[in-house]
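Coordinate analysis (summary)
For reference, the chains in residue letters:
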Number of protein chains: 2
Amino acid sequence: MATMTAAQKKAQAKAEYDAFLDVCPSRKLLDRLSDKWVVLVLAALGGDCDGTPQGMRYSELSRLLAGVSQKMLTQTLRALERDGLISRTATPTVPVTVTYELTPLGGSLYGTVRALKAWAQDHMDDVLAHRATYDASEA
Amino acid sequence: MATMTAAQKKAQAKAEYDAFLDVCPSRKLLDRLSDKWVVLVLAALGGDCDGTPQGMRYSELSRLLAGVSQKMLTQTLRALERDGLISRTATPTVPVTVTYELTPLGGSLYGTVRALKAWAQDHMDDVLAHRATYDASEA
DNA sequence: CAGTATCCAGCTAGATACTG
DNA sequence: CAGTATCTAGCTGGATACTG
């Protein structure tokens, strides 16, 4: 087992690191937000598309977020529901009707995300300019 | 080629979607932030580890962010430098000395990110509680 | 309509080895 | 010290097909 020492050290370092990440609430939030579709669903339900926050049906979301697969939409919706950020309401009409909407908690998160969006709008052209300069001097 | 119609439609939808993402500055920012190490590097240089923002050497970062591979650290550093969020200073001493520090732009981004962190600290236990409730009713 | 289940391609990121 | 280069395992997410 002496040959495992290096690998074990690696594994332990990784375990410690994972524990650190696991304890860190910001990291968890970031992981959620970094899911490709989470923010877009938040934006859709938050009213970024038509002005006012409102409930939406599964198929509406699917249409609005062109490019999302059923799998990812369902997965995203489930994750957000699990976290209490959106609520799911099923109405037992003949073809079932399911509506999703932002909870107050989800709304508050969306508010914070909009702050990020504001930063992006204010500073993203600076970033892009830097990028262009950097790329030019690299060539 | 008639058999390609469906695939073509998909491809076109994807292209349109990509174009949408490409135009959206918030999305770009989110993509950057969602890189596992970006925020941690920002935090390290922003002074989250010892109180005051300061420059750090490559090897210091590497030690501080236990678990990061050389590849990812370099990649992350390059990306942030390219975007003008951090600056790289090489001092031609005998073994080269390279220092990284936050630019004003990087500092302002880090400030915004701290707002997210604040949300996480304020609301993450709510989220966790919802998660527990959800999981319990699922079983 | 609103999903669930399965399979698989592509990209990401870690391990490893080498360099100015 | 501070990287660069390469190879590959594993996970993410898309396509596809089926169901209450």
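Cut-offs and rules
- Residues numbered from 1 in each chain as written.
- Chains lettered and ligands numbered in written order.
- Predicted model: local features only at pLDDT ≥ 70, side-chain atom pairs only at ≥ 80, totals over all residues.
- Heavy atoms only, no water.
- Least-squares fit on C-alpha atoms with pLDDT ≥ 70 in both.
- Contact = heavy atoms within 4.5 Å.
- Helix = DSSP H or I, 4+ residues; strand = E, 2+ residues; numbered from the N terminus.
- Buried < 20%, exposed > 50% of the residue type's maximum accessible area, 1.4 Å probe, protein only.
- Pairing = 2+ DSSP bridges.
- Expected span 1.5 Å × (residues − 1).
- Near = heavy atom within 4 Å.
- Polar contact = N/O pair within 3.5 Å; in protein donor to acceptor, adjacent residues only side chain to side chain.
- Bend = angle between axes of the 7 residues up to and from the residue.
- Salt bridge = Lys/Arg side-chain N within 4 Å of Asp/Glu carboxyl O.
- Axes fitted to C-alpha atoms, helices over the stretch in contact; angles between N-to-C directions.

1. Comments concerning the relation of the copies chain B and chain A
The operation linking the two copies of the chain is a rotation about an axis combined with a translation along the axis. For the pair chain B and chain A, the relating rotation is 180 degrees, the translation along its axis is 0.0 Å, and the fit reaches an RMSD of 0.1 Å. On the angle and the small slide along the axis, the relation comes out as a two-fold axis. Relative to the rotation axis, the closest C-alpha in chain B is found at S34 of chain B, a distance of 2.4 Å. Of the interface residues in chain B, 100% have counterparts in chain A that sit at the interface too, so the contact is made through matching surfaces.

2. Focus: the environment of T112 of chain A
Position of T112 of chain A relative to the elements: it lies in helix α6 (residues 104-138). Given a relative accessible area of 15%, T112 of chain A falls into the buried group. Once you skip the residues sitting within four places of it in the chain, T112 of chain A turns out to touch A115, L116 and W119 of chain B.

3. Section: the pairing of strand β3 (residues 97-102) of chain A
All names here are of chain A. As paired elements, strand β1 (residues 56-57) and β3 share two bridges and run antiparallel to each other. The partner of M56 across the bridge, within β3, is Y100. Linking strand β2 (residues 86-91) back to β3 in an antiparallel pair, the connection comprises five residues.

4. Things to note about the pairing of strand β2 (residues 86-91) of chain B
The pairing of β2 of chain B with strand β3 (residues 97-102) of chain B spans six bridges and is antiparallel. Across the sheet, the residue bridging to T89 of chain B is T99 of chain B, located in β3 of chain B.

5. Topic: helix α5 (residues 70-82) of chain B
Here α5 of chain B is 13 residues long and its end C-alpha atoms lie 18 Å apart, about the 18 Å a rise of 1.5 Å per residue gives. Within the span of α5 of chain B, buried status applies to L73, T76, L77, A79, L80 and E81 of chain B. Summarising the contacts, the buried residues of α5 of chain B are in contact with α6 of chain A together with α2 (25-33), α3 (38-46), α4 (58-64), β2 and β3 of chain B. The first or second residue beyond α5 of chain B is G84 of chain B, which carries a positive phi of 75 degrees.

6. Section: the protein's contact with DNA strand D
K71 of chain A together with S59, T74, R88 and Y100 of chain B are the nearest of the 21 residues found near DNA strand D. When the atoms of DNA strand D within 4 Å of the protein are sorted by group, sugar and phosphate make up 60%. K36 of chain A places a polar side-chain atom, nitrogen or oxygen, 3.3 Å from a phosphate oxygen of DNA strand D. R78 of chain B places a side-chain nitrogen or oxygen 3.2 Å from a phosphate oxygen of DNA strand D. Where the surface near DNA strand D is concerned, the elements lending two or more residues are α5 (70-82) of chain A together with α4, α5 and β3 of chain B. When residues of the surface near DNA strand D are assigned to their parent elements, the largest contribution, four residues, is made by α5 of chain B.

7. Thoughts on helix α6 (residues 104-138) of chain B
Helix length check: α6 of chain B, at 35 residues, gives a terminal C-alpha distance of 48 Å against a target of 51 Å (1.5 Å per residue), a fit within 8%. The principal kink in α6 of chain B, of about 50 degrees, is found at H123 of chain B.

8. Quick notes on the interface of chain B and chain A
Each side of the interface is counted separately: chain B has 42 residues, and chain A has 42 residues. Put simply, chain B and chain A have four salt bridges between them. Note that R131 of chain A is salt-bridged to D83 of chain B, the shortest N-O span being 2.6 Å. Breaking the side of chain B that touches chain A down by element, the ones donating at least two residues are α1 (5-23), α2, α3, α5 and α6 of chain B.

9. A closer look at the sheet that holds strand β1 (residues 56-57) of chain B
Residue and element names in this part refer to chain B. If you walk across this open sheet you meet the three strands as β1-β3-β2, and the pairing is antiparallel. Both edges of this open sheet fall to β1 and β2, since each of them pairs with a single strand only. Packing against the sheet, α5 makes contact with β2 and β3, and its axis sits at approximately 110 degrees to β2.

10. Quick notes on the environment of T74 of chain A
Residue and element names in this part refer to chain A. Relative to the helices and strands, T74 resides in helix α5. What makes T74 partly exposed here is its relative accessible area of 29%. Spatially, the C-alpha atom of T74 lies 8.6 Å from that of Y58, the residues being 16 residues apart in sequence.

Worth remembering: the numbers are spatial, not functional.
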